[in-house]
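The residues making up each chain are set out below.
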Amino acid sequence: MLNERLQRMREKYFDTIPVITSERLVLATLAHQKFAGEAIPIFRAKIVRYVLENMTTLIMDDELIVGTPTNEYRGANLFPEYTSSKWLTEDIDEFPIRKTDPYRIKKEDREIILEALKYWEGKSMEDLSLEILPAYIENARQQDLISVGCRNGVSGETTPNHKKFLEIGLKGYMKECAANIERVKGGTKEKQEKVDFWKACIIICEGLISYAHRMAEEAERQAGECKDEKRKRELMQIAENCRIVPENPPETFHQALQMIWFIQVVFHIEAPTTACGFGRFDQYMYPAFKTDYEKGRMKQEEALELLECFYLKCCEVYEVRDRWYAKSFAGYPMWEILMVGGQTPEGHDATNELSYLCLDAAADLQTTQPVLAVRVFKDTPGELIRKGARMIQAGMANPGFFNDNAAIPMTMGKGCTIEEARDWTIVGCIQPAPGGGTTDGSPDAGYVNAPKVLELVLHNGKDPKTGEQLGLETGNPEEFKSMEELKNAVKEQLKYFYQMIKEGYDLMVPQHMLRLPVIFASMAMEGCVQSGKSVQEGGAKYTTAGMFITGAANLADSLVAIEEVVFKDRDIGIGELITALDENFEGNERLRQLLINKPAKYGNDNEYVDGIAREILGFCADTVQSWEDSRHGHYSFCNLSQTVNISHGEACGATPDGRRAGEPYCDNASPTMGRDLSGPTATVKSVAAIDQKKFHDGALFNLRFDPKGIEGEKGLQILEGVIKTYFDNGGEHIQINVVDDKTLKAAQNEPEKYKGLMVRVAGYMAYFTELDKAAQDTIIYRTAHLK
């Protein structure tokens, strides 16, 4: 139950529409002009320091944890170093009215933004990408066959080394960097580059310390004007906290939370950060929690209040995305993952009192950030699993559950030790990473549109809509004599487009190395300070880059359908099938129904269909994971689509599984919506059967239940049983929505009555009413299992 403070803060959150602000843009533009000519790492660090030293110090009513990346509540910064000023200028009046992820813009900010963006014309990484990427790769991207990472965003998803920050503070980092400078001193190009990096780390630490001290001054100013004695004491405590952290290690749980939040703030000032997660929060925060509790400095209800204030701060960070990205990653996702449970590096149960309190805070608030993740292994207390299951049963869509038995082998595939693998957490969405996530620099390289690949195979590499040769010439499909020939053509075409992503990504990342290295985000990673290299240069202890797929279930179902009706039963010739697909089944509904109903479908525990999915996905994983990237790391495969399944589906014609042209694909690693009709146990067995341990970046599985089917104690047992069955069969991750069609459709029609309705979209949560209709429909179309 939320206290009055938290109720007020939560209501404010729901009643405030996110807003694009101009302050960071203006300050960063001035800093670019002021510090031009410095060595690139130092230049980048001085820009961030300048922003931190001059930005608004905003402390809002009721807050106990302070600091914002902008000068507005629920504000979003602009980063023209990364995103093109062209589309920002063109879309500025569309942001308040667009269907997906709208933003307010104040009139005065609009004018300031337009004026400031003139300086950035043609200067962004996105502008540069048009010169860097070969025409055939850019064309494939424009056609939604692939996406290419690092075109317009930061080249890293980061889980900082929070444990080290708490142990040594920024002073400790500065001391370590100064010692490295004294040891190396320069003298060669390579040595000087390291020295410049370490100097940059010191500069950015100075900026954050300055910001924290300025926040202390603001708290003291407000305390001096405050008439309420309770709030005055709170403001003075905030001031004391900000003078201690992040410069020094925290002395209390409150200060530890404040330090972790300051780290988050600077991430969202340095770059357009997404997926800056909190890692194994209950592990590194527990010592401060335990000390305060044992010394009587803090009661449990006080700890809960602080934690809930921290969670609400997590709801204040945003990334401004263009129309394609807003559609493909719908619902303002930021992937601030907070993990609890699991095991210690030695293999013992790691659950503690804070693990449960983290779930309590999420249950009280029911906000989309942070996203809670529960690690499960053989010794995880049943009480922790049940607490999470109760939240799911109540329709909170939070937490997601992760299986150590699958995630540890995935993590080991990245080359780490068993101790680091047992200490895994998420970097990004559901991707397991070693060493609490602090050792793995793991950005997204790109997505392949798998059903579109099949469409090209059925037209010998040509796009049937335009006649353009987009893919390889894999042969006339009417001359294929067997399913093996067809599957081999699909594999060849998939490899071709993954190689295209690799080439594009490997061309983009060096531009980040040389032009836009992230300094603080690199400093926060194990390995970068030691090596004197940014994460873009491969400075992290382990370096991977994610390769993804959309429409995997549609592809598997389509291949099985072709085998069933063309090669096996000869109900139809392949040429006739291709014609029907090109005509979007116009006048041929009977054939469409045959394709839907006769062949078996993935998601129903059918060994053959699941085997086709396993074969194709295994081929993708084996292929991309054998490749080195431009940072001398490796690519990792992930069966995950976010809402790219909507964008990619719009680019593809009808498919042999009975899907019509332009319709969304399946949801991540889940079966095609509405095709898993044999019950939840069959569904989870199918998804687990694809041999997920091969995928070093995991597989995202969404499941939906109708509330009527899982009521009471029996319903809890059903949920726990489904999770256990999935994990026993090798699944890595499962997240469950409990909501019926009636509620979702009512929320579409009367959104003002359902503004707090939270759903799982991909590896993140969103408010259903904040999604556009296409994203809402994909959730409604998910099979609502009764039991």
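Residues numbered from 1 in each chain as written. Predicted model: local features only at pLDDT ≥ 70, side-chain atom pairs only at ≥ 80, totals over all residues. Heavy atoms only, no water.

**Q** So what's going on with the UniProt feature "domain: Glycine radical" (unreviewed entry) in the protein chain? Which residues, and what values?
**A** Mapped onto this structure's residue numbering, the UniProt feature "domain: Glycine radical" (unreviewed entry) falls at residues 667-787. Split by type, residues 667-787 is 36% helix and 15% strand. Its first and last C-alpha atoms lie 20 Å apart. (UniProt positions renumbered as here; feature names shortened; annotations may be inferred. Helix = DSSP H or I, 4+ residues; strand = E, 2+ residues; numbered from the N terminus.)

**Q** Help me get a handle on the packing of aromatic side chains, residues and values and all.
**A** Following the criterion strictly, the structure yields 35 aromatic pairs and no others. Where Tyr447 meets Phe548, the ring centres are 4.8 Å apart and the plane angle is 20 degrees; that geometry is what we call stacked. Within this pair, whereas Tyr447 is found in strand E9 (residues 444-449), its partner Phe548 is found in strand E10 (residues 542-550), the two being separated by 101 residues in sequence. Measuring from centroid to centroid gives 6.1 Å for Tyr726 and Phe727, while their planes differ by 40 degrees, and the two rings are tilted. Comparing Tyr726 with Phe727, the two get one shared label, buried. The side chain of Lys12 reaches across the aromatic face of Tyr73, ending 4.3 Å from its centre. (Phe/Tyr/Trp six-rings, centres within 6.5 Å; stacked < 30°, edge-to-face > 60°. Buried < 20%, exposed > 50% of the residue type's maximum accessible area, 1.4 Å probe, protein only. Lys NZ or Arg CZ within 6 Å of the ring centre and 35° of its normal.)

**Q** Summarise helix H20 (residues 450-457); cite the residues concerned and give the values.
**A** Within H20, 8 of the 8 residues are buried, leaving the element largely enclosed by the surrounding structure. When H20 is considered as a whole, its buried residues turn out to be Ala450, Pro451, Lys452, Val453, Leu454, Glu455, Leu456 and Val457. In this structure, the buried residues of H20 make contact with E9, helix H21 (483-515), E10 and helix H24 (552-568). (Contact = heavy atoms within 4.5 Å.)

**Q** Give me the lowdown on the pairing of strand E11 (residues 634-638), citing residues and values where you can.
**A** Working note: regular strand, side chains alternate between the two faces of the sheet. In terms of burial, E11 is largely enclosed, as 4 of its 5 residues are buried. One ladder, built from 5 bridges, connects E10 with E11; its direction is parallel. Bridge pairing in E11 places Met547 opposite Phe637. (Pairing = 2+ DSSP bridges.)

**Q** Talk me through the layout of surface pockets; I want residue IDs and the actual numbers.
**A** Remark: the empty space left among the atoms is shown by a probe the size of a water molecule rolled over them. Size it by volume and the largest pocket reaches roughly 580 Å³. Lining the largest pocket are 32 residues, with His162, Lys163, Lys164, Gln283 and Tyr284 sitting closest to its centre. Of all elements in the fold, only helix H8 (162-184), helix H12 (281-284) and helix H13 (286-294) reach the threshold of two or more residues within the lining of the largest pocket. Looking at the lining of the largest pocket, the element that brings in the most residues is H8, giving 5 residues. Of the residues belonging to the lining of the largest pocket, the class tally is 9 nonpolar, 13 polar and 10 charged. (1 Å grid on protein atoms, 1.4 Å probe; cavity = no way out; pocket = protein on both sides within 12 Å on 5 of 7 lines; lining within 4 Å. Points joined across faces, edges and corners; volume = space filled by probe spheres on them. Nonpolar A, V, L, I, M, F, W, Y, C, P; charged D, E, K, R; others polar.)

**Q** Account for the nonpolar core, naming residues and giving values.
**A** Phe281 and Ile734 are the most contacted members of the largest nonpolar core, which has 208 residues in total. Discounting chain neighbours no more than four positions away, the residues touching Phe281 are Leu257, Tyr286, Leu307, Phe310, Leu338, Met339, Leu354 and Cys358. The next biggest cluster of nonpolar side chains, apart from the first, holds 67 residues, and it includes Tyr325, Tyr542, Ile646 and Leu771. (Core = buried A, V, L, I, M, F, W, Y, C linked by side-chain atoms within 4.5 Å.)

**Q** Summarise the side chain of Ser636; cite the residues concerned and give the values.
**A** With respect to the secondary-structure elements, Ser636 resides in strand E11. Residue classification places Ser636 among the buried positions, given a relative accessible area of 1%. Once residues within four sequence positions are removed from consideration, Ser636 is found in contact with Lys414, Thr544, Ala545, Gly546, Met547, Val624, Gln625, His696 and Asp697.

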